[in-house]
Amino acid sequence: MTARIEIENAAKVFGPSLALDSVNLTVEAGEYCVLLGPSGCGKTTLLNIIGGFADPTSGAIRIGGRDMVGVPAADRPTTTVFQDYALFPHMTLRDNVGFGLRMRGQGRADRNARADEMLELVGLSGAGDRRPAQLSGGQRQRVALARALAVQPDVLLLDEPLGALDLNLRRSMQEELKAIQSKVGATFVHVTHDQEEAMAIADRIVVMNGGRIEDVGPPERVYRAPASRFAASFLGEMNFLTGEAQGGTAATALGPLPAEGQGPVTLCLRPEHLRPDAPMGVGTAQVLETVFQGGHRRVRVSLAGVTLLAHLPLTVTAEPGQSIALGIDPDHLTVLPGGTQ
Ligand code: ATP
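Everything in this summary refers to the structure shown in the same document.

Rules used in this analysis
- Residues numbered from 1 in each chain as written.
- Predicted model: local features only at pLDDT ≥ 70, side-chain atom pairs only at ≥ 80, totals over all residues.
- Heavy atoms only, no water.
- Core = buried A, V, L, I, M, F, W, Y, C linked by side-chain atoms within 4.5 Å.
- Buried < 20%, exposed > 50% of the residue type's maximum accessible area, 1.4 Å probe, protein only.
- Helix = DSSP H or I, 4+ residues; strand = E, 2+ residues; numbered from the N terminus.
- Contact = heavy atoms within 4.5 Å.
- Near = heavy atom within 4 Å.
- Polar contact = N/O pair within 3.5 Å; in protein donor to acceptor, adjacent residues only side chain to side chain.
- Areas by Shrake-Rupley, 256 points an atom, 1.4 Å probe, with all protein chains shown as cover.
- Nonpolar A, V, L, I, M, F, W, Y, C, P; charged D, E, K, R; others polar.
- Phe/Tyr/Trp six-rings, centres within 6.5 Å; stacked < 30°, edge-to-face > 60°.
- Lys NZ or Arg CZ within 6 Å of the ring centre and 35° of its normal.

1. Quick notes on the nonpolar core
In step 1: Among the nonpolar cores identified, the biggest contains 46 residues, and Leu145, Leu149 and Phe188 are the most heavily contacted of them.
In step 2: A total of seven residues in this core trace back to one element, the largest contributor, which is helix H4 (residues 137–150).
In step 3: For Leu149, the contacting residues outside a window of four places in its chain are Arg114, Met118, Leu121, Leu156, Ile180, Val184 and Phe188.

2. Some points on unusual backbone geometry
In step 1: The backbone phi angle of Asn9 is positive, close to 50°, even though this residue is not glycine.
In step 2: Its identity as a non-glycine residue notwithstanding, Glu160 has a phi of 45°, on the positive side.
In step 3: Its place among the elements puts Glu160 in the loop between strand S7 (155–159) and helix H5 (167–184).

3. As for the site of the ligand
In step 1: Near the ligand the following residues occur: Phe14, Ala19, Pro38, Ser39, Gly40, Cys41, Gly42, Lys43, Thr44 and Thr45.
In step 2: Gly40 places a main-chain nitrogen or oxygen 2.8 Å from an oxygen atom of the ligand.
In step 3: Between the ligand and the protein, one listed contact pairs an oxygen atom with a side-chain N or O atom of Thr44 at 2.7 Å.
In step 4: Compared with its free state, where it exposes 630 Å², the ligand has 56% of that area covered by protein.
In step 5: Looking at the shell around the ligand, the element that brings in the most residues is helix H1 (residues 43–51), giving three residues.
In step 6: Looking at side-chain class alone, the shell around the ligand contains four nonpolar, five polar and one charged residues.

4. Things to note about the packing of aromatic side chains
In step 1: This structure, assessed with the given rule, holds four aromatic pairs.
In step 2: Measuring from ring centre to ring centre gives 5.8 Å for Phe53 and Phe82, while their planes differ by 65°; the resulting arrangement is edge-to-face. On the criterion of sequence distance, the pair formed by Phe53 in the loop between H1 and strand S4 (58–63) and Phe82 in the loop between strand S6 (78–81) and helix H2 (93–103) is long-range, its members being 29 residues apart.
In step 3: Residue classification places Phe53 among the partly exposed positions, given a relative accessible area of 46%.
In step 4: For Phe82, a relative accessible area of 33% corresponds to the partly exposed category.
In step 5: With 4.7 Å between their ring centres and 55° between their planes, Phe88 and Phe99 make a pair best called tilted. One end of the pair, Phe88, is in the loop between S6 and H2; the other, Phe99, is in helix H2, and eleven residues separate them in sequence.
In step 6: Phe99 gets classed as partly exposed once you look at its relative accessible area, which sits at 22%.
In step 7: Taking NZ or CZ as reference, Arg229 lies 4.0 Å from the ring centre of Phe240, over its face.
In step 8: A cation over an aromatic ring shows up here: Arg270 above the ring of Tyr223, its NZ or CZ 3.9 Å from the ring centre.

Given below as structure tokens:
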């Protein structure tokens, strides 16, 4: 019903390009793991080597303790939901959902009962006689999910499963996916380039860049204390300040700021932590640009020759040309070694 995935030193080479570079990752049994990163960073390649659609050029992959290299997709305890759903248009929903069971030789009565149970799980009870063309995009996505879950995989792999849906539907399907995963208990590995989706759904986010893993952790930890400059900028907006650290502080354009370490450092400051009421004053900024964003104002300011981004409460007025005293919350600074831009 569920299994741990272990990937050790996996590399995947396609001609001159290195799609995966020394990837080490353990996904715990029953975990909801999201692979997040920009186009071309290797997310799908990693999913494919877990699902058996590709083998790593080198390295090991185990599912439930079993070595998977060379094992065909059909013989793995995994199923994959693709972005285009790949439903059979001429079949009823019941037959679509029961397809994998039919391939495994299960009789009609049993597979129909299982298909109806799965359609109920994804909120489509009573729809078994309909055909894919009669469904909305969100409903088709649910059928694809029901079909993948019907064979009771230990591991469910989802490649941009919500990519074709509009924003509202995507949000509600995120909640449903998470609820279904807790109910069935299988290990889910979900690929997306949408940072909000990753934060909404993941037990753990794996941030990838250029075939490598940049950071792995629960969404809140990765957001609050990213492990690399790339992870810091990919998950939400971030201000970066370079400085020279010595004796617990770093000399930066904004003056001395708290920073452990020695030598060149990069300080990461979220825009919501640059505010007029923050505990540590850093000077008076000039407002360059302001955009109303519903819950806050997104304001670009110039401070000590540096352009910074602040998310200010709506109670603060910030018009271009205005001066505004700003502070930071030192508890929310992340210090990374190295001072390059
Ligand atoms: P996207 O979000 O655009 O799907 P991704 O993060 O899933 O991107 P991959 O599809 O894993 O990225 O691709 C990683 C790298 O490997 C890319 O540079 C891609 O061009 C290359 N690549 C992937 N599959 C192949 C292939 N079959 N042949 C050659 N190169 C490939």
